[in-house]
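Commentary on secondary and tertiary structure
The chain contents come next:
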Amino acid sequence: MQGLSAAGGCCGSTKKRTIVGGWAWAWWLVTDVQRLSLNVMTLNPMCENVETAQGVPLTVTGVAQCKIMKSSSYKNNDYANNEADELLGTASEQFLGKSVKEIKQTILQTLEGHLRAILAKVTE
């Protein structure tokens with residue numbers, strides 16, 4: 001599944017819309033249209049030789065399933081839908097124009113950073 005972001009249009013409009021599971025009208029040469037994958041991405045974060053609070057080196061590997069949320073995931077819950085819309089907007093700002101490989105790399109680096117921070121606080 002993909003999200004579609006459409007910005008611009010005739011008459012100098014600067015409004016940006018994000019559409020999931022629908023369609024949008026786009027003016028050729030005037031409207032900027034970009035797609036964002038909403039599929040599940042499987043990542044394998046790995047941290048090698050990270051020292052714990054006692055100085056013990058650890059190597060840890062993991063598996064993470066990541067997905068950009070869309071508001072239709074929540075039925076009859078306006079608060080969750082608004083939060084999901086906000087998350088979709090944030091993801092659009094950060095990831096539009098990037099390939100799936102670049103998105104995976106960005107998320108993987110973030111996960112590995114958090115994993116290193118957690119491992120550094122591990123006590124025996």
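Residues numbered from 1 in each chain as written. Predicted model: local features only at pLDDT ≥ 70, side-chain atom pairs only at ≥ 80, totals over all residues. Heavy atoms only, no water.

Right, let's talk about the overall build of the chain for a bit. Helix and strand counts for the chain come out as two helices and seven strands. Listing every helix and strand of the chain by position from the N terminus yields β-β-β-β-β-β-β-α-α. Relative to its 124 residues, the chain shows a buried fraction of 28%. Across the chain, the fraction of contacts at a sequence separation of at least 24, relative to all contacts at a separation of at least 6, is 55%. For the chain, the exposed surface amounts to about 8700 Å²; the carbon and sulfur share of it is 53%. (Helix = DSSP H or I, 4+ residues; strand = E, 2+ residues; numbered from the N terminus. Buried < 20%, exposed > 50% of the residue type's maximum accessible area, 1.4 Å probe, protein only. Contact = heavy atoms within 4.5 Å. Areas by Shrake-Rupley, 256 points an atom, 1.4 Å probe, with all protein chains shown as cover.)

It is worth spelling out the environment of alanine 91 at this point. With respect to the element layout, alanine 91 can be found in helix α1 (residues 78-95). Sequence spacing of alanine 91 and isoleucine 103 is 12 residues, and the spatial spacing of their C-alpha atoms is 9.9 Å. Dropping the residues within four chain positions of it, alanine 91 is found in contact with Leu36, Ile68 and Leu96.

Moving on: the pairing of strand β5 (residues 46-51). Note: β5 against strand β6 (residues 57-61), four bridges, orientation antiparallel. Following the sheet pairing, glutamate 51 is matched in β6 by proline 57. Counting the residues between successive antiparallel strands, the hairpin from β5 to β6 contains five residues, one of them, glycine 55, with a positive phi of roughly 85°. (Pairing = 2+ DSSP bridges.)

All right, on to the nonpolar core then. Membership of the largest hydrophobic core comes to 14 residues, with the highest contact counts inside it found for Leu36, Ile68, Phe95, Ile103 and Ile107. Secondary structure elements with two or more residues in this core: β4 (41-43), β7 (64-66), α1 and α2 (100-120). Dropping the residues within four chain positions of it, phenylalanine 95 is found in contact with Leu36, Ile68, Ile103, Thr106 and Ile107. (Core = buried A, V, L, I, M, F, W, Y, C linked by side-chain atoms within 4.5 Å.)

Our next topic: unusual backbone geometry. Residues other than glycine seldom take positive phi values, yet asparagine 49 does so here, at roughly 55°. Within the fold, asparagine 49 resides in strand β5. Residue asparagine 49 is classed as exposed on the basis of its relative accessible area of 61%.

A word on the confidence of the model for the chain. Of the residues in the chain, 63% reach a pLDDT of 70 or more, and the chain-wide mean stands at 78. When pLDDT is averaged over each element of the chain, β4 comes out on top at 95 and strand β1 (residues 2-8) at the bottom at 61. (pLDDT = per-residue confidence, 0-100.)

Here we come to the environment of alanine 64. Position of alanine 64 relative to the elements: it lies in strand β7. On the basis of relative accessibility, which here comes to 15%, the residue alanine 64 falls in the buried class. Measuring from C-alpha to C-alpha, the distance between alanine 64 and asparagine 44 comes to 6.3 Å, with 20 residues separating the pair along the chain. When neighbours within four sequence positions are excluded, alanine 64 is seen to be in contact with Met41, Thr42, Leu43, Pro45 and Leu111.

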